[in-house]
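An overview of the molecular structure
So you can see what is in the structure, the chains are spelled out below.
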Amino acid sequence: MEDSPSIETVYEAIYALYNQNTNPAEKQRASNWLNEMQKSVYAWKIADELLARKVDLNSCYLAAQTMRSKLQNSFHELPQDSHASLRDALLNHLSELDDTTDGVIATQLCVALAHLALQMGSWKNAAVDIASRYNSLKTCFILELLTVLPEEVNSRTLRLGANRRSEIYAEFSDNLPAVNQLLELCLTSEANNNRIKIRSYKCFASWLNIRSVSLSQVWHSSVLSNAFNVLCSFDGCNMIQEAAADAVIAFLQNLEDNNNQDEIQIEIINSVSRLEQAYMMSVTSEDLDRTVNYCRIFTELAESLVMTMVNKSLGSNGLPHFSIKALELVILCANHHDYEVLLITFNVWFRLSEELYKINNVVLTEMFKPYFEQLIGALYKHCMIDTDHEGLLDEGTEDFADFRMKCSDLIKDVVFIVSSSAVFQQMYMLLQTASVSNVTWDQMEAALFIMQAIARNILPHENEVVPKVVEAILNMPETAHINMRYTSVMLLGELCEWISHEQHSETLEPILNYLQYCLRQPNLAAVTAKSLHSICTTCRHHMVKHLSGLIEILKVVDMLNLPNDVAIGLLKGVAVIVAEVPEEHVYKAIKEICERQLSPLLALVESTSEKTVPETNTSTDPIYWLDRLSAILRHLATKSNNEKDPCVIAIVEMWPSMSKICTRYKTDSRITEHFCRCLRFMIRLVSRSTTALLAPVAQQMAYLYKEHHHSCYLYIGSILVDEYGSKYDNPLVMTQCHSLLLEMIDAFIEPAFRLFSEKDGLRNYPDTVDDFFRLACRFIQKLPMPFLQSPVLEVIIRCSITAVSLDHKEANASVMKFLIDLLLCGKSRKDNINNEECRQYVTSIINSIGEQLIDNLIQASVFSLQSYMLPDVIDVIIELMAYDKVQTLSWLSGAVEKLPKQNSAGLVTATNEQCLQFLNSFHSYENDGELCRSLREFSRYFR
């Protein structure tokens, strides 16, 4: 937008956008024009004028949103001498709002002002300034502004930098008394205004969430005591109670950072403990919302004190630390009748069990054992299915089924504290009493469910309880509730480790017979198939003699209406057993199970046209069969590295059919991706034994990629290089393989780089970047010398230097891996007979691109990459230093010098001392992690 539009033109565009009678094309034009206007430098003045005129809701909303967006993304457009006038204008606009103003407009203006305050270094003590305007601005807007101010400090888009952020935190710490004083004033002067109360508590929580305050600063705050009073009382609305709970929780979260103040901790625990009576009242009155709030508080207290209660109990001569009282409050919640309340507490138990596992102290474990015993008791009760429930729990749609799986995960994590065998014995005793006492099916099913959660922890030589449980399951009457039978089948699958032990091999046949019977029952088919998969995988040696029976089951598997993932599990189990059968039976078995997937695929190829859209997750979808075939190929194994191996023969014979499938679905990226996944397992299975697949697959991938740019073709290319690049001792075979592989990448280069050269091509095609550089990595690893001599290498290196700034996790990782492998291939390696020649090539490359690479790496680290990506940057720099440390350090110094010394707001990014400290870290360091921390800290100065 070259010239500033008139305000009338802006109003016309707004009217066109929001008027219901405007035709869609005109709406789109108006939307596009307004987007361009918002990006222009004229948007500042236009937004200010729209807010001043207040013509209608839509124009005011657009103006407020524009102001917020400009301050967030385009603050650099403003000269520094205009900052104060903009602040005054925004405060003036905010002062003119009233109770009738749309809340969205007020929020946008508050966020805009917060962004200005955070970026405007000359606006000192902004929070105090805002709080002092109590009489000129409406209280609700002051509170909202003070709420969003600390929330926006860590906004990634603002790029405040670590120095400015530290300055803000220090300022906030100084400003907290003034903010606290304002909140106290609001709560006392407007005690009957629920809206102000809620906003006050939210503001208080927001200031505590920045974690830059100490306990002593806040503990005696009237706002906090007011929140506790609200929570102790059973009067008032639930929204106020929830806001008060949020404020207390925000305070408790600071406990973990201030865990050495015993006196204050005792007072805090006592204050929270006083909420126990209010919790009991909420339970009695069945007010679940309030119950949940109390549970959240008790849980946060316990979680904040986990390290305290563990570490201080450890050195207390067997006596628990006073902070363990928090666990008693959590156990209170665990015994609540609603499972959603118990669910809130799960993270405490995960964290506590993790710490106990790390410390591995018997005395400490015994100290906490009673709490975990109570927890498992509560989990057992909550896992009981309603006795009126008809049919199976639906794991896909029912929240309760999801809750039970979370319980199972928790039990697996914590059961070591109370002993798996003890819990198994306890549940078995409950089952035993069923015949003599009034134990209902739901109680027995819950016991079986707890058993299945820990079954894999049972020692294989256990001979007292498990045999009796297995016998009881095998003799369970058909009249038993379907959920009991379902869980029993699940338990048999989880006992696979126990069944596989030599002592219990006699149980395998009756268990298989029982499972085959269950497989033919619609409600039990899916879980039975999963259990069969577990047993087949674990008991593979014992299962060989049962293979024919399992293949017969596969013949009717589609009549059972199993979900495809369950059928795939069954196929995996059978494939694992096929790998164990005598060699003379392998070919027939593989042909039989593979043909059952290939035949329907080929039928689809012949019977459907390219315009036919398959129905997902049905047998009309090629993916349905491809995923099954993938599962088989992944779990098969060859007997020898010989092209006459029966497994190899059977698989190679499949290629013509696979090629036909690949060509037929070349236009469908979804099907092609699944096909390539299947092809990957096929190649890996036979590559050690034969090169028969290399030429046809490489040529087909290269040909299809020119026509259809599916990145999975590149991925198959990388598999071919990995499998055929360096496995053969015969020099003639190796030369032929290398020639085919280099021809393949040569064919890939042109279409791939055509995509990369588009505007934002690297960003728009991250999967292609990922797969292409994964392919390049394999070339360096498997045939370094031929690749270094290839003319395609230079263009790949130039592309990688640009791609280091790509902030896509997988794509960036592949680019960095390529650079690291390139630098490593010149180092001394036993498998590289051309080491010195490689080193000369790599040294020449470094001298050519080293400076630009370092520049781009530092720029990317500071402005583009996420923190977790920085270790890869360090790895590249370390490898460069291994070649020439002095030169690399010189390049680093130059790269740092090119970084901006001030951000868009005129604030200092990194000082000279901080830059020097960063550079010095590369001169002397103990490990890579030290450099990663240094780079991470340095990058924060610019973020």
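The rules behind the values
Residues numbered from 1 in each chain as written. Predicted model: local features only at pLDDT ≥ 70, side-chain atom pairs only at ≥ 80, totals over all residues. Heavy atoms only, no water. Helix = DSSP H or I, 4+ residues; strand = E, 2+ residues; numbered from the N terminus. Buried < 20%, exposed > 50% of the residue type's maximum accessible area, 1.4 Å probe, protein only. Contact = heavy atoms within 4.5 Å. Areas by Shrake-Rupley, 256 points an atom, 1.4 Å probe, with all protein chains shown as cover. Lys, Arg positive; Asp, Glu negative; His and termini not counted. Charge placed at Lys NZ, Arg CZ, Asp CG, Glu CD. Phe/Tyr/Trp six-rings, centres within 6.5 Å; stacked < 30°, edge-to-face > 60°. Lys NZ or Arg CZ within 6 Å of the ring centre and 35° of its normal. 1 Å grid on protein atoms, 1.4 Å probe; cavity = no way out; pocket = protein on both sides within 12 Å on 5 of 7 lines; lining within 4 Å. Points joined across faces, edges and corners; volume = space filled by probe spheres on them. Domains from an automatic or database assignment. UniProt positions renumbered as here; feature names shortened; annotations may be inferred. Expected span 1.5 Å × (residues − 1). Bend = angle between axes of the 7 residues up to and from the residue. Core = buried A, V, L, I, M, F, W, Y, C linked by side-chain atoms within 4.5 Å. Axes fitted to C-alpha atoms, helices over the stretch in contact; angles between N-to-C directions. Left-handed = near helix turned anticlockwise from the far one by under 90°. Salt bridge = Lys/Arg side-chain N within 4 Å of Asp/Glu carboxyl O. Parallel < 35°, antiparallel > 145°, perpendicular 65-115°, else oblique. Nonpolar A, V, L, I, M, F, W, Y, C, P; charged D, E, K, R; others polar. Polar contact = N/O pair within 3.5 Å; in protein donor to acceptor, adjacent residues only side chain to side chain. Disulfide = S-S within 2.5 Å. pLDDT = per-residue confidence, 0-100.

1. What to know about the overall build of the chain
Counting secondary structure elements, the chain contains 50 helices and 0 strands. Considering only C-alpha atoms, the chain reaches an extent of 90 × 85 × 70 Å along its principal axes. Taken over 943 residues, the chain has a buried fraction of 54%. Look at the contacts in the chain between residues 6 or more apart in sequence, and 75% of them connect residues 24 or more apart. Roughly 41,200 Å² of accessible area belongs to the chain as shown, and the carbon and sulfur atoms make up 49% of that amount. With 80 positive and 116 negative side-chain charges, the chain shows a separation of 4 Å between the mean positions of the two kinds.

2. Thoughts on the packing of aromatic side chains
If you walk through the whole model with that rule in mind, you get 23 aromatic pairs. Arranged with centres 5.5 Å apart and planes meeting at 55°, the rings of Tyr339 and Phe400 form a pair that is tilted. With Tyr339 in helix H19 (residues 339–344) and Phe400 in helix H22 (residues 399–418), this pair connects stretches of sequence that are 61 residues apart. Each member of the pair, Tyr339 together with Phe400, is buried. On the basis of an interplanar angle of 35° and a centroid distance of 6.1 Å, the ring pair of Phe346 and Phe403 is categorised as tilted. Taken together, the residues span a long stretch of sequence, with Phe346 in helix H20 (residues 346–359) and Phe403 in helix H22 at a distance of 57 residues. Summarising the burial analysis for this pair, Phe346 and Phe403 share the class buried. Through a chain of ring-to-ring contacts, three or more aromatic side chains come together here, namely Phe863, Phe918, Phe922, Phe938, Tyr941 and Phe942. Here the guanidinium or amino end of Arg290 rests over the ring plane of Phe234, the centre of that ring lying 4.9 Å away. Above the plane of the ring of Tyr868 lies Lys809, whose end atom (NZ or CZ) is 5.8 Å from the centre.

3. A short note on empty space enclosed by the protein
For the structure shown, the criterion picks out 3 cavities of 30 Å³ or more. Its boundaries defined by the atoms lining it, the second largest cavity holds a volume of some 50 Å³. Lining of the second largest cavity is provided by Ile797, Leu819, Leu822, Leu823, Val842, Ile845, Ile846, Ile849 and Leu853. Elements supplying a minimum of two residues to the lining of the second largest cavity: helix H45 (809–824) and helix H46 (835–863).

4. So, the domain arrangement of the chain
Accessible area lost during the coming together of the parts is what is often quoted as the interface size. Segmenting the chain into domains produces domain 1 (255–359), domain 2 (706–826) and domain 3 (850–942). On a C-alpha basis, the centroid separation for the pair domain 1 and domain 3 is 44 Å.

5. Let's talk about the UniProt feature "domain: Importin N-terminal" (unreviewed entry) in the chain
According to UniProt, the "domain: Importin N-terminal" (unreviewed entry) feature falls on residues 30–95. The span residues 30–95 is 77% helix and 0% strand, and its two end C-alpha atoms sit 31 Å from each other.

6. Overview of helix H33 (residues 583–607)
Counting along an α-helix, one turn takes 3.6 residues, and residues three or four places apart therefore face a common direction. Along its 25 residues, H33 runs 36 Å from first to last C-alpha, staying within 8% of the 36 Å computed at 1.5 Å per residue. Its maximal kink placed at Glu595, H33 deviates by approximately 40°. For H33, the full list of buried residues reads Val586, Ala589, Ile590, Ile593, Cys594, Gln597, Leu598, Leu601, Leu604 and Val605. If you follow the buried residues of H33, they end up packed against helix H31 (547–555), helix H32 (564–578), helix H34 (622–635), helix H35 (646–652) and helix H36 (655–664).

7. What about the nonpolar core?
Formed by 357 residues in total, the largest nonpolar core has its most connected members in Phe368, Ile796 and Phe818. Top element by residues in this core is helix H40 (residues 731–756). It accounts for 12 residues. Not counting residues up to four positions away in its chain, the partners in contact with Phe818 are Phe773, Ala776, Cys777, Ile780, Phe787, Leu793, Ile796, Ile797 and Ser800.

8. Some words on the packing of H45 against H46
As a packed pair, H45 and H46 sit with axes 12 Å apart at the nearest point and diverge in direction by 145°. As for the relative orientation of H45 and H46, their crossing is left-handed in sense. Here Met816, Leu819, Leu822 and Leu823 of H45 come into contact with H46, specifically with Val842, Ile845, Ile846, Leu853 and Leu857.

9. Description of the pattern of salt bridges
Scanning the entire structure with this criterion turns up 39 salt bridges. For Arg296, the salt bridge is made with Asp246, and the minimal N-O distance between the two is 2.4 Å. You can see Arg296 sitting in helix H16 (residues 288–304) and its partner Asp246 sitting in helix H13 (residues 238–252), a full 50 residues away along the chain. Since its relative accessible area comes to 24%, Arg296 is described here as partly exposed.

10. Here's the deal with the environment of Met682
Note on placement: Met682 falls in helix H37 (residues 669–686). When the C-alpha atoms of Met682 and Val648 are compared, they prove to be 9.6 Å apart, with 34 residues separating the residues in sequence. Not counting residues up to four positions away in its chain, the partners in contact with Met682 are Leu633, Ile651, Met654, Trp655, Met658 and Leu693.

11. A look at unusual backbone geometry
You will see that Arg159, though not glycine, has its phi angle at about 50°, which is positive. Its place among the elements puts Arg159 in the loop between helix H8 (139–151) and helix H9 (162–189). What makes Arg159 partly exposed here is its relative accessible area of 23%.

12. Description of the environment of Lys412
As for its position among the elements, Lys412 is in helix H22. Residue classification places Lys412 among the partly exposed positions, given a relative accessible area of 40%. On a C-alpha basis, the gap between Lys412 and His708 in space is 47 Å, while along the polypeptide they are 296 residues apart.

13. Observations concerning helix H44 (residues 793–803)
Among all positions in H44, only Leu793, Ile796, Ile797, Cys799, Ser800, Ile801 and Ala803 are buried. Contacts from the buried residues of H44 go to H40, helix H41 (761–764), helix H42 (766–782), helix H43 (784–788), H45 and H46.

14. Describing the environment of His533
Note on placement: His533 falls in helix H29 (residues 525–538). Excluding anything up to four places from it in sequence, His533 contacts Gly569, Leu570, Lys572 and Gly573.

15. Observations concerning the packing of H46 against helix H48 (residues 885–897)
The contact between H46 and H48 brings their axes to 9 Å, and the two run at 40°. By the angle class used here, H46 and H48 are oblique. H46 and H48 meet at a crossing whose hand is right-handed. The segment H46 lies against H48, with Ile846, Gly850, Glu851, Ile854, Asp855 and Ile858 engaging Thr888, Trp891, Leu892, Gly894 and Ala895. Its residues assigned to classes, the contact of H46 with H48 comprises 6 nonpolar, 3 polar and 2 charged.

16. What to know about the side chain of Lys70
Along the polypeptide, Lys70 turns up in helix H4 (residues 57–73). For Lys70, the side chain forms a polar contact with the main-chain oxygen of Ser40, separated by 2.9 Å. Aside from chain neighbours lying at most four places away, what touches Lys70 is Gln38, Lys39, Ser40, Val41, Ala43, Trp44, Phe75 and Glu77.

17. Considering the state of the cysteines
Across all of its chains, the model carries 0 disulfides by this definition. Left without a disulfide partner, Cys496 is nearest to the cysteine sulfur of Cys539, which lies 6.6 Å away. Of all cysteine sulfurs, the one in Cys676 lies closest to Cys712, which takes part in no disulfide; the gap is 3.7 Å. Classification of Cys712 as buried rests on a relative accessible area of 10%.

18. Quick notes on the confidence of the model for the chain
Looking at the chain as a whole, the pLDDT averages 91, with 98% of positions reaching at least 70. Of all secondary-structure elements in the chain, the lowest mean pLDDT belongs to helix H11 (residues 215–218), at 81, while H16 reaches the highest, 97.

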